[in-house]
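Listed here are the chains, written in short residue letters.
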Amino acid sequence: MSKANVIEIFSSVQGEGKYLGCRQIFVRLADCNLNCAYCDTNFIRADFCKVETVAGAMIFRNEKNPLDATQVAEIIKQFADEVPTQAISFTGGEPLIHWQFIRDVASAVKNSGVKIFLETNGTLYNEFEKISGAVDIVSMDIKLPSVIGQNLFSLHEKFLRVAQGKDLYVKIVVTGETTPEEFLSAIDLISQVDKEILLILQPVTPVGKICAASAGKILNLQTAALRKLKNVRVIPQTHKFINVL
Ligand code: SF4
């Protein structure tokens, strides 16, 4: 069984995207291959993983890292027994760095009836291809050059083509710095793969020097996206409103 450095495991409400509000078990894996300007997530490796004592209690015990996949599968089964759960969300960091670990945990919990949900930055398409069959739902980011300082569109396109046909949606975080040109390039990229792919525009939660986009800008971007894609929704992060993890 594979092992991985895990930051935290807890049960909470999905606060973003298509499955907003669903009860999920979150497995936050360490490490990321990107460095986004708006990142507010702790993905640095730690000696201990924080594991909720009871699903949703927000009280934690420490487990020594790295955790093995069997150990994490047992924690997931315990939480799923305590609270009916829609999906296990593998998040990060970039969870696909630990694709073998996701594969092994997914295999160990596959009879639990809980879906496997992947939250990814949409760049590691080779890794995704190896576990695509084990993943039910994909939440894939497209990172705009204004937040990442480089153009990742060719990686995103390859990822989209591998994930096409799954329960897939794309999320673009919109900031005050987002330019119409980069946004329209991202829309073209999605529409060339499949106009039916759901696009979520997520207004950034301001952090550090990153400022919010105006309401008018968000509406204009949604209008432009709707000219090329069938389903474009504006959904902010909501878990922070109600103070859950
Ligand atoms: S991909 Fe996600 S975890 Fe990685 S730096 Fe960007 S926002 Fe943070």
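Above: the structure in question.
**A word on the nonpolar core**
Consideration 1: Judged by nonpolar contacts, the single largest core of 61 residues is most densely connected at Ile9 and Leu199.
Consideration 2: Beyond its immediate stretch of four places on either side in the chain, Leu199 contacts Val170, Ile172, Ile187, Ile190, Ala225, Leu229, Asn231, Val232 and Arg233.
Consideration 3: By size, the runner-up hydrophobic cluster in this structure holds 9 residues, among which are Cys36, Val147, Val204 and Ile210.

**With respect to the site of the ligand**
Consideration 1: Taken together, Cys32, Leu34, Asn35, Cys36, Cys39, Phe43, Gly93, Asn121 and Lys143 make up the full set of residues near the ligand.
Consideration 2: Here the ligand occupies the largest pocket.

**Comments concerning the pattern of salt bridges**
Consideration 1: For the coordinates displayed, the defined rule picks out 12 salt bridges.
Consideration 2: Glu63 is paired through a salt bridge with Arg61; the nearest N and O atoms lie 2.8 Å apart.
Consideration 3: Taking the shortest distance from any N to any O, the salt bridge between Arg161 and Glu157 comes out at 3.1 Å. In this pair, Arg161 and Glu157 both sit in helix H5 (residues 153-163), 4 residues apart, roughly one turn of the helix.

**A look at the packing of aromatic side chains**
Consideration 1: Applying the stated criterion across every chain, the model contains 3 aromatic pairs.
Consideration 2: Residues Phe10 and Phe26 carry aromatic rings whose centres are separated by 5.2 Å and whose planes lie at 15° to one another, so their mutual orientation is stacked. With Phe10 in strand S2 (residues 6-13) and Phe26 in strand S3 (residues 23-29), this residue pair connects regions lying 16 residues apart in the sequence.
Consideration 3: Relative accessible area serves as the criterion here: at 6%, Phe26 is assigned to the buried category.
Consideration 4: Just above the ring of Phe60 sits the side chain of Lys50; from NZ or CZ to the centre is 4.6 Å.

**A word on the pairing of strand S7 (residues 87-91)**
Consideration 1: For S7, the tally of buried residues reaches 5 of 5 residues, placing the bulk of the element in the interior.
Consideration 2: Taking every second residue as pointing to the same face, both faces of S7 are buried, with Ala87, Ser89 and Thr91 on one and Ile88 and Phe90 on the other.
Consideration 3: As defined by bridge partners, S3 adjoins S7 across 5 bridges and the pair is classed as parallel. Across the sheet, Arg28 pairs through a bridge with Thr91, a residue of S7.
Consideration 4: As paired strands, S7 and strand S8 (residues 115-120) are joined by 4 bridges and run parallel to one another. Residue Ser89 lies in a different strand from S8, and its bridge partner there is Phe117.

Calculation rules
Residues numbered from 1 in each chain as written. Predicted model: local features only at pLDDT ≥ 70, side-chain atom pairs only at ≥ 80, totals over all residues. Heavy atoms only, no water. Core = buried A, V, L, I, M, F, W, Y, C linked by side-chain atoms within 4.5 Å. Buried < 20%, exposed > 50% of the residue type's maximum accessible area, 1.4 Å probe, protein only. Contact = heavy atoms within 4.5 Å. Near = heavy atom within 4 Å. 1 Å grid on protein atoms, 1.4 Å probe; cavity = no way out; pocket = protein on both sides within 12 Å on 5 of 7 lines; lining within 4 Å. Sits in = over half its atoms within 2 Å of the grid points. Salt bridge = Lys/Arg side-chain N within 4 Å of Asp/Glu carboxyl O. Helix = DSSP H or I, 4+ residues; strand = E, 2+ residues; numbered from the N terminus. Phe/Tyr/Trp six-rings, centres within 6.5 Å; stacked < 30°, edge-to-face > 60°. Lys NZ or Arg CZ within 6 Å of the ring centre and 35° of its normal. Pairing = 2+ DSSP bridges.

Purely spatial values, then, with no claim about function.
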